[in-house]
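Commentary on secondary and tertiary structure
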Amino acid sequence: MITRDSSIFKTVMGEREMSRQKSKQITISRVPSPQVELGKCLCMASMMSLVLRSGLHSERLPTKSVGSHKSMETFHSIRKIYYMIVAVVGVPVNLVAIVILSQGKCGLSNCTTRYLVAMATADLLAIVTAVILWQIVPYYFPKSFLEITPVCSGIFVLLYAATDCSVWFTVAFSFDRCVAICCPKLKIKYCTEKTAAVVLSVICILFSLKDIPFYFIFEPEEVIDNVPWFCKVTTSYHTDSRWVDFNWLNTVLTPLLPYVLILLLNTLTVRYILVASRVRKALRGQKKIENRSDPEMESRRRSVILLFAISGTFIILWLLYVVNFLHNIITGDGPEYNDSLYILAKVAVMLSDLSCCTNTFIYGVTQSKFRDQFKSAVKYPVTSIIVLINKQN
């Protein structure tokens, strides 16, 4: 446990406040022009994307809120409860999904199962890092070792990597299902368990490497007994063109490009299904087949429902985040200037974090065999205890 001298702590806090005031006065000294103004808007939007998506605490990156302090305290209290619920629900449901899907008894292909297990694993890691380590622990265990600068910087890298993998695993799954439905010839070569393993591994490795630079964007907010505490974004992050370019690349990769790709893939899938359904109904009508089920259409329907449920949930829960980012670009205003925008931006992040908890419920609603396996898993401990008691008697 690190002990603090009260006078030293007051001095450090005073210097910390002065440094905050100085950082607020930093501006980019360039000749005003439309290009520069646009660049400032893009830089601000990218910066707020980083801050809000990561869930950086107001204690670490203070905002310029001008509204009621009481309303902000109420909102932060709601966030505490919300993230606690997400953690309590998200961890067990993703563990259940991983265990049940790994058994391969849900009537899904090995390729699809591989993607779903990877998505559940990435969601679990995202909840552990983004929700538990980054949100809950600092709230309930302030000044813990997790807030030492190197440690919280490492957590931030893991947070981003887990989120990126979760998002892009969803894109990969959507692409795989689009190929399976729309490209029967390519399906034979692409929609295999081996291809899925390669795709998932490449995504994991590339985005883990991509997120390593995030470790170096932070500096200590205060140093006590030669120990650096907390993570404050360095001033060079705002002005260095390399950081601006990197952050823009990061924002495009997650979530803008995945958002567009999922919309596009779903549009192509819907279009193909509508055309194929008309053709198949016409052929069946020519053969005068009435009141008979079509096994191929039923199988396709189940696959499409699962695809649309997962990708649709992703689109809905990330919509506010994307809209908020585009708003920051267009207006040039960040959430730090307005309480309402700040709350809206934080809610966008809360919804994007919620997307890590929804897939298991989707499996339960859309997949009857998944429900059966879940019921069996729940009954197993009870039946085992009953059998054990009967043997003893």
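Computed from a prediction, not measured in an experiment: that's the story for all the values here.

**Some thoughts on the overall build of the chain**
Each helix and strand counted, the chain has 13 helices and four strands in total. In the chain, the proportion of contacts linking residues at least 24 apart, taken out of those at least 6 apart, comes to 81%.

**Considering the packing of helix H5 (residues 149–182) against helix H7 (residues 193–211)**
Closest axis-to-axis distance for the H5/H7 pair is 9 Å, and the angle between their directions is 145°. Of the two elements, H5 crosses H7, and the hand of that crossing is right-handed. For the pair H5 and H7, the contacting residues are Val157, Tyr160, Ala161, Asp164, Cys165, Trp168, Phe169 and Ala172 in the first and Val199, Leu200, Ile203, Cys204, Phe207, Ser208, Lys210 and Asp211 in the second. Here the residues of the contact of H5 with H7 are counted per class, giving 12 nonpolar, one polar and three charged.

**Considerations on the state of the cysteines**
If you walk through the whole model with that rule in mind, you get one disulfide. Disulfide pairing places Cys152 opposite Cys231 at an S-S distance of 1.8 Å. On the sign convention where negative means left-handed, the S-S torsion of about 100° between Cys152 and Cys231 marks this disulfide as right-handed. Of this pair, Cys152 sits in helix H5 while Cys231 is found in the loop between strand E3 (227–229) and strand E4 (232–233), placing the two residues 79 residues apart along the sequence. Of the two residues, Cys152 and Cys231, neither departs from the other in class, the shared state being buried.

**A word on the environment of Phe173**
Within the fold, Phe173 resides in helix H5. Exposure remark for Phe173: the relative accessible area of 0% places this residue in the buried category. In this structure, the C-alpha to C-alpha distance between Phe173 and Thr112, residues 61 residues apart in sequence, is 7.5 Å. Ignoring sequence-local partners within four residues, the contact set of Phe173 consists of Thr112, Tyr115, Leu116, Met119, Leu306, Leu307 and Ile310.

**Topic: helix H3 (residues 69–102)**
Working note: α-helix, 3.6 residues per turn, so residues spaced by three or four point in the same direction. Spanning 34 residues, H3 covers 48 Å between terminal C-alpha atoms, matching the ideal 50 Å at 1.5 Å per step. Gly104 occupies a position one or two residues after H3 and carries a positive phi of about 70°.

**Brief notes about the side chain of Asn359**
Looking at the secondary structure, you find Asn359 in helix H12 (residues 359–366). Asn359 sits in the buried class, given a relative accessible area of 8%. Each residue touching Asn359, except ones within four places of it in the same chain, is listed here: Met119, Asp123 and Ile310.

**Side note on the pattern of salt bridges**
Under the definition given, this model contains six salt bridges. Residue Arg242 pairs with Asp240 through a salt bridge whose shortest N-O separation is 2.9 Å. Within the structure, one salt-bridge network assembled from shared partners comprises Asp164, Lys210 and Asp211.

**Re empty space enclosed by the protein**
Scanning the model with the defined rule gives two cavities of 30 Å³ or more in all. Of the volumes computed, that of the largest cavity is approximately 210 Å³. Along its surface, the largest cavity is lined by 21 residues, and Ser166, Trp318, Ser352, Ser355 and Cys356 are the ones closest to its centre. Where the lining of the largest cavity is concerned, the elements lending two or more residues are helix H4 (110–140), H5, helix H10 (295–331) and helix H11 (339–354).

**Some remarks on the environment of Val223**
Tracing the sequence through the fold places Val223 in strand E2 (residues 222–224). In the structure, Val223 is positioned 74 residues away from Thr149 in sequence and 9.5 Å away in space, judged by C-alpha atoms.

**Some points on the confidence of the model for the chain**
Of the residues in the chain, 76% have a pLDDT of 70 or more, and the chain-wide mean is 80. H7 holds the highest mean pLDDT among the elements of the chain, 96, whereas helix H1 (residues 6–24) holds the lowest, 39. This model gives residues 1–40 a pLDDT under 50, and the stretch forms 28 contacts once residues within four places in sequence are excluded. Contacts of residues 54–67 to residues separated by more than four positions or lying in other chains number 42 contacts, the stretch itself having pLDDT below 50.

Procedures and definitions
- Within each chain, residues carry numbers counting from 1 in the order of the written sequence.
- Thresholds applied to this predicted model are a pLDDT of at least 70 for local features of residues and 80 or more for the giving and counting of side-chain atom pairs; totals over whole chains, interfaces and linings are not thresholded and use all residues.
- The side-chain quantities take in all heavy atoms of the structure and omit both hydrogens and water.
- Only DSSP runs of H or I covering at least 4 residues are called helices, and only runs of E covering at least 2 are called strands; the numbering of each starts at the N terminus.
- Any two residues whose heavy atoms approach within 4.5 Å are treated as being in contact.
- An axis is simply a line fitted to the C-alpha atoms; with a helix, the fit covers only the stretch in contact. Between two such axes, the angle follows the N-to-C directions and lies from 0 to 180 degrees.
- Put simply, a crossing is left-handed when the front helix is turned counterclockwise from the back one by less than a right angle, and right-handed when it is turned clockwise.
- Under the scheme applied, nonpolar residues are Ala, Val, Leu, Ile, Met, Phe, Trp, Tyr, Cys and Pro; charged residues are Asp, Glu, Lys and Arg; polar residues are all the others, including Gly.
- Two cysteine sulfurs form what is called a disulfide whenever their separation falls within 2.5 Å.
- Throughout this description, buried means an accessible area under 20% of the type-specific maximum (1.4 Å probe, protein chains only), exposed means over 50%, and partly exposed covers the range between.
- What a helix is expected to span follows from its residue count: subtract one and scale by 1.5 Å.
- The salt bridge definition used is simple: a Lys or Arg side-chain nitrogen within 4 Å of an Asp or Glu carboxyl oxygen.
- In the cavity and pocket records, a cavity denotes points on a 1 Å grid over the protein atoms alone where a 1.4 Å probe fits but cannot get out, a pocket denotes an open set with protein on both sides within 12 Å along at least 5 of 7 lines, and lining residues are residues with an atom within 4 Å of a point.
- Grid points are joined across faces, edges and corners, and a volume is the space filled by probe spheres set on the points.
- For every residue, the predictor states its confidence as a pLDDT score lying anywhere from 0 to 100.

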